[in-house]
Amino acid sequence: MTQLSDLDRRILAALQKDASGSMQDLARATNSSPATCWRRLKALEDRGVIGPPVRHVDPAAVGLGMDAFVQVRMKSQDGAARAGFQRAMEAEPSITEVYSISGEWDYLLHLIVRDIADLEDILMRRVLEHPNVAGTATMFVLRRIKRSWEVPVSL
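Please read all numbers here as calculations on a predicted model, not as lab measurements.

Trainee: Describe in detail the sheet that holds strand β4 (residues 133–140), supporting the description with residues and values.
Mentor: One open sheet holds the four strands; their spatial order is β2-β3-β1-β4, and the pairing between them is antiparallel. Either end of the sheet is taken by a strand with one partner, and the two such strands are β2 (95–100) and β4. Strand-to-strand twist in this sheet, taken as the mean axis angle between neighbours without regard to direction, amounts to 20°. Relative to the sheet, helix α4 (residues 79–90) contacts β1 (66–74), β2, β3 (107–113) and β4, its axis offset from that of β3 by approximately 15°.

Trainee: Give a description of the pairing of β3 that names residues and reports values.
Mentor: In terms of burial, β3 is largely enclosed, as six of its seven residues are buried. Summarising the sheet, β1 and β3 pair through seven bridges and their orientation is antiparallel. For Val-70, the partnering residue across the bridge sits in β3 and is Leu-109.

Trainee: Run through the UniProt feature "domain: HTH asnC-type" (unreviewed entry) in the protein, naming residues and quoting values.
Mentor: Cross-referencing UniProt, the feature "domain: HTH asnC-type" (unreviewed entry) maps to residues 4–65 in the present numbering. For residues 4–65, helix accounts for 53% and strand for 0%, while the C-alpha atoms at its two ends are 39 Å apart.

Trainee: Give me the lowdown on the layout of surface pockets, citing residues and values where you can.
Mentor: Considering only enclosed or pocket space, the largest pocket measures out at about 750 Å³ in volume. Residue lining of the largest pocket: 22 residues in total, with Leu-15, Gln-16, Ala-19, Pro-53 and Val-54 positioned closest to the centre. Put simply, the parts of the chain that give the lining of the largest pocket at least two residues each are α1 (6–17) and α3 (34–46). Broken down by element, the lining of the largest pocket gets its largest block of residues, four residues, from α1.

Trainee: Would you mind going over the packing of α1 against helix α2 (residues 23–30) in detail, with residue names and values included?
Mentor: As a packed pair, α1 and α2 sit with axes 9 Å apart at the nearest point and diverge in direction by 120°. Overall, the two elements α1 and α2 adopt an arrangement that is oblique. Seen from above, α1 lies across α2 with right-handed handedness. Taken together, the residues of α2 that come into contact with α1 (itself represented by Leu-7, Arg-10, Ile-11, Ala-14 and Leu-15) are Leu-26, Ala-29 and Thr-30.

Cut-off values and rules
- Each chain carries its own residue numbering, running from 1 in the direction its sequence is written.
- Side-chain atom pairs in this predicted model are given and counted only at pLDDT of 80 or more, local residue features only at pLDDT of at least 70, and totals for whole chains, interfaces and linings cover all residues.
- Heavy atoms from the whole structure form the basis of all side-chain values; hydrogens and water molecules are not counted.
- Strand pairing is defined by DSSP finding a minimum of two bridges between the two strands.
- Numbering of helices and strands starts at the N terminus; helices are DSSP runs of H or I of at least 4 residues and strands are runs of E of at least 2.
- For every element, the axis is a line fit to its C-alpha atoms; helices are fit only across the contacting stretch, and the angle between N-to-C directions ranges from 0 to 180 degrees.
- Here a residue-residue contact requires only that any non-hydrogen atoms of the pair lie within 4.5 Å.
- The cut-offs for exposure are 20% and 50% of the maximum accessible area for each residue type, with area from a 1.4 Å probe on protein chains only; residues under the lower value are buried, those over the upper are exposed, and the others partly exposed.
- UniProt positions are given in the numbering used here, feature names are shortened, and annotations may be inferred rather than shown by experiment.
- Think of a 1 Å grid over just the protein atoms. A cavity is a set of points where a 1.4 Å probe fits yet cannot get out, a pocket is an open set with protein on both sides within 12 Å along at least five of seven lines, and lining residues have an atom within 4 Å of a point.
- Grid points are joined across faces, edges and corners, and a volume is the space filled by probe spheres set on the points.
- Every angle not falling under 35 degrees, over 145, or within 65 to 115 is termed oblique; those three ranges are roughly parallel, roughly antiparallel and roughly perpendicular.
- Crossing handedness: left-handed means the near helix sits turned counterclockwise from the far one by under a right angle, and right-handed means the same turn made clockwise.

Pasting the structure below:
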């Protein structure tokens, strides 16, 4: 685990709210100087605490109106089977998140698609046709209540 100073935590909290501002804006938000913020930001990047800046896209605004979660049970738990499945899921852009989970299911997939036809195509073509998949269960999102990419880094 990386040790974070109070300033590092303030910088991370500020960037997670809005990373579009200038270094001067970040310094003002964290009660620091622009030079200090820049050095700390570079150090956080170099240590792998933060990645490159990105802009989040509203799925509905680009015609992707359906979210679904798919639980996956594997036929085999051996390393090669799991690695092959993971590679196949990473190759599908509509599968936005893949989690290895505990319990009766092995994986949880988050899909963002246009509609039920897209979902069916991905499930049939990518997920269920995979040779190591034993079965799936799908849950449709009726309404997104909260979505946050912020990691709680409070002091």
